[in-house]
Amino acid sequence: MNSLRRSTWAIPALLAFTSLAALILALVAEGVWDLLSWALLALPPVLIGCFWLKR
Amino acid sequence: MASPASLRRWTTLHRWSSLFCTANLLLLCVTGLLLIFHPEIDAMLGSMPEIQHEGKTLLSPGQLVEAARQAHSGWAPAVYSEDEDHPGRVFVTMLPPGVQDLAKSEAVILDGFTGKAADVKLDETFSMIVLNLHANLFAGFLGELYLALVGIAFFVALISGVVIYAPFMRNFLFGMIRRERGARLFQLDLHNLLGISTLAWCSVVCFTGIILELGKPLLMIYQSQDLAAMTAPFKDRPAPAGIVPLDRAIQTAQKAWPHHRMQFAVFPGTQLTGAHHFSLFMAAETGLAKRVPKLTLVDAATAELTVASDAPWYIQALFVSGPLHFGDYAGTPLRVIWALFTLLTILLCISGLYLFIAKLRGRRREVSLLQEATS
């Protein structure tokens, strides 16, 4: 995890990719794909919450 | 690696582009937050009529347009559309006699089962007032252009923010938040984390917002280029003496696009479709084609098909920008996540503003220390 965090772009690029994938997935697919898109798009807020609340 | 001089330039660009859009962005976030939940707010305020549909059958679009004509006698129908999320709620936009400009239109809200026109002025409902504030600051087209400019400034702020993020974070871990070393460092770390994590969402909402604000110029291009080309053979003919009922135009469109439902229809006589045609936009039941309807032009004199094709690419971009901007396209969970991102954007603005003010204060302190030292 720390080696991932040490890289400047690893996590930001991953979040950008999952966010864009989620936005498009929700647009072109239905049903179970909506679940996946919600999960992927929730990653940035969840991650921000984790780092913010971490002591 | 950016040189110190170019880094300074990017920082300056980030500071001023952000400052220009921050106040506007805060307003857009707050109104946007209300718009995400506008169906719930409408229901709470009772601003939209309730529709009971047990055991009733839907009236045909043609019958509903007749009902709208009766509610606004002498006015002409311009646009017919159905509320996808509320079966039975139908909007018919009416124009006063002799007027073509849709900006002067009024929407009649109909119960699709009874044909009863609701006693509601759509433009005066809370949600529409918030939408107008969000989309044009009550300043019409000028307001839209101004907010497009705000969007461009936001985009510049996002890009420049990314550029200065990299050298700043070179020796730090992602998500680092320094709590024990003063408010400024805490806000700085928070600003970095918020900005870089929400980058993709902010970019998409910013970019689609700019496209939506440019809707009017895009429609003008459509009228003068693509629509003019498609209707060129009709150009010199006189306007038809009578037009076929909407229902017959819909039948023609449905034959051209099986398994599609009509999302909205534009009546002949408005600028958006010209004097000779109905424009019908046909949406598929699933997938991208549900959001980007197909274009159908039906001869208003004969109900024959003139054109059935994809809309031009920039009109497709306009269609797809709506859901991608408002987040109302994949259920309530998506809307809740949209609201979370909006709140994070508000925090991004506030922490940025804090950093700007802290910087100003710091400068002023330096100046006063300098003055003390030299006096």
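Residues numbered from 1 in each chain as written. Chains lettered and ligands numbered in written order. Predicted model: local features only at pLDDT ≥ 70, side-chain atom pairs only at ≥ 80, totals over all residues.

## Overview of the packing of helix 1 (residues 4-36) of chain B against helix 4 (residues 126-136) of chain B
All names here are of chain B.
Piece 1. Viewed as axis vectors pointing N to C, helix 1 and helix 4 meet at an angle of 145°, and their least axial separation amounts to 9 Å. For the crossing formed where helix 1 meets helix 4, the hand is left-handed. From helix 1, Leu28, Thr31, Gly32, Leu34 and Leu35 reach across to helix 4, where they touch Val130, Leu131, Leu133 and His134.
Piece 2. Class assignment for the residues of the contact of helix 1 with helix 4 results in six nonpolar, three polar and no charged. (Axes fitted to C-alpha atoms, helices over the stretch in contact; angles between N-to-C directions. Helix = DSSP H or I, 4+ residues; strand = E, 2+ residues; numbered from the N terminus. Left-handed = near helix turned anticlockwise from the far one by under 90°. Contact = placed C-beta atoms within 7 Å. Nonpolar A, V, L, I, M, F, W, Y, C, P; charged D, E, K, R; others polar.)

## Some remarks on the nonpolar core
Most often, soluble globular proteins keep nonpolar side chains buried together rather than apart.
Piece 1. Ranked by internal contacts, the top residues of the largest apolar core, which has 42 residues, are B:Cys21, B:Leu25, B:Phe154, B:Leu158, B:Leu194, B:Leu199 and B:Cys202.
Piece 2. Only helix 2 (10-28) and helix 3 (32-53) of chain A together with helix 1, helix 5 (140-169), helix 6 (183-197), helix 7 (199-213), helix 11 (313-326) and helix 12 (331-374) of chain B provide two or more residues apiece to this core.
Piece 3. Here this core gets seven residues from one element, more than from any other, and that element is helix 12 of chain B.
Piece 4. Beyond its immediate chain neighbours, meaning those up to four positions away, B:Leu158 contacts B:Leu199, B:Cys202, B:Ser203 and B:Cys206. (Core = buried A, V, L, I, M, F, W, Y, C linked by C-beta atoms within 7 Å. Buried ≥ 20, exposed ≤ 12 C-beta atoms within 10 Å, placed from the backbone.)

## Re the interface of chain B and chain A
Piece 1. Every contact between the two is made by 31 residues of chain B and, on the other side, 26 residues of chain A.
Piece 2. If you list the elements that add at least two residues to the side of chain B that touches chain A, you get helix 5, helix 6, helix 7, helix 10 (288-291), helix 11 and helix 12 of chain B.
Piece 3. If you tally residues by element for the side of chain B that touches chain A, the top one is helix 12 of chain B, at seven residues.
Piece 4. When its residues are assigned to classes, the side of chain B that touches chain A shows 23 nonpolar, six polar and two charged.

## Observations regarding unusual backbone geometry
Piece 1. Phi at B:His259 takes a positive value of approximately 65°, unusual for a residue other than glycine.
Piece 2. Even without a glycine there, the phi angle at B:Ala303 is positive, about 65°.

## Focus on the domain arrangement of chain B
For interface size, the figure often reported is the accessible area lost on association.
All names here are of chain B.
Piece 1. One can read the domain layout of chain B as domain 1 (4-40 + 132-212 + 330-374) and domain 2 (58-121 + 243-326).
Piece 2. Computed over C-alpha atoms only, the centres of domain 1 and domain 2 are separated by 39 Å.
Piece 3. With eight residues of domain 1 at the interface, the matching set in domain 2 holds eight residues.
Piece 4. Looking at the side of domain 1 that touches domain 2, the element that brings in the most residues is helix 7, giving six residues.
Piece 5. Its residues assigned to classes, the side of domain 1 that touches domain 2 shows six nonpolar, two polar and no charged. (Domains from an automatic or database assignment.)

## Brief notes about helix 9 (residues 246-256) of chain B
All names here are of chain B.
Piece 1. Along helix 9, the residues that are buried comprise Leu246, Ala249, Ile250, Thr252 and Ala253. Around the axis of helix 9, the buried residues are gathered within 160° of arc, so they sit on the same side.
Piece 2. On its buried face, helix 9 sits against helix 3 (61-71), strand 1 (76-82), strand 4 (260-266), strand 5 (277-284), strand 6 (294-299) and strand 7 (305-309). (Arc of directions from axis to C-beta.)

## Quick look at the sheet that holds strand 7 of chain B
All names here are of chain B.
Piece 1. The seven strands are arranged 3-2-1-4-5-6-7 in an open sheet whose pairing can be described as antiparallel. Each edge of the open sheet carries a strand with a single partner, namely strand 3 (106-111) and strand 7. For this sheet the average axis-to-axis angle between neighbouring strands, irrespective of direction, equals 25°.
Piece 2. Pairing of strand 5 with strand 6 involves six bridges; the strand directions are antiparallel. Within the sheet, the bridge partner assigned to Phe278 lies in strand 6 and is Val298. (Pairing = 2+ DSSP bridges.)

## Description of the environment of B:Asn132
All names here are of chain B.
Piece 1. Topologically, Asn132 is positioned in helix 4.
Piece 2. Under the C-beta neighbour-count criterion, Asn132 is labelled partly exposed, with 16 such atoms within 10 Å.
Piece 3. For Asn132 and Gly143, which are eleven residues apart along the polypeptide, the C-alpha to C-alpha distance reads 9.7 Å.

## Focus on the pairing of strand 6 of chain B
Each regular strand shows side chains that alternate between the opposite faces of the sheet.
Residues and elements named next belong to chain B.
Piece 1. Along strand 6, six of the six residues are buried, which leaves the element largely enclosed by surrounding structure.
Piece 2. Side chains Lys294, Thr296 and Val298 of strand 6 all project onto a buried face; the interleaved residues Leu295, Leu297 and Asp299 project onto the opposite face, where all are buried too.
Piece 3. The pairing of strand 6 with strand 7 spans four bridges and is classified as antiparallel. Considered in strand 7, the bridge of Thr296 is made with Ala308.
Piece 4. Counting the residues between successive antiparallel strands, the hairpin from strand 6 to strand 7 contains five residues, one of them, Ala303, with a positive phi of roughly 65°.

## Overview of the pairing of strand 2 (residues 89-95) of chain B
All names here are of chain B.
Piece 1. When you tally the buried positions in strand 2, you get five out of seven residues, the bulk of the element.
Piece 2. Between strand 1 and strand 2, which follow one another and run antiparallel, lie six residues, and Gly88 among them has a positive phi close to 100°.
Piece 3. As judged from the six bridges shared by strand 2 and strand 3, these two strands associate in the antiparallel manner. Bridging across to strand 3, Val90 finds its partner in Leu110.

## Digging into the packing of helix 7 of chain B against helix 11 of chain B
Residue and element names in this part refer to chain B.
Piece 1. Packing of helix 7 against helix 11 leaves a shortest axis separation of 9 Å and a crossing angle of 135°. By the angle between their axes, helix 7 is oblique relative to helix 11. Classified by chirality, the crossing of helix 11 by helix 7 is left-handed. In this structure, helix 7 contributes Val204, Val205, Thr208, Gly209, Ile211 and Leu212 to the contact, and helix 11 contributes Ala317, Leu318, Ser321, Gly322, Leu324 and His325.
Piece 2. Looking at the contact of helix 7 with helix 11 residue by residue, the classes come out as seven nonpolar, five polar and no charged. (Parallel < 35°, antiparallel > 145°, perpendicular 65-115°, else oblique.)

## Focus: the confidence of the model for chain B
All names here are of chain B.
Piece 1. With 99% of its residues at a pLDDT of 70 or more, chain B has an overall mean of 94.
Piece 2. Per-element mean pLDDT across chain B ranges from 92 in helix 12 up to 98 in helix 7.
Piece 3. Among the scores for the predicted complex, ipTM is 0.97 and pTM is 0.94. (pLDDT = per-residue confidence, 0-100.)

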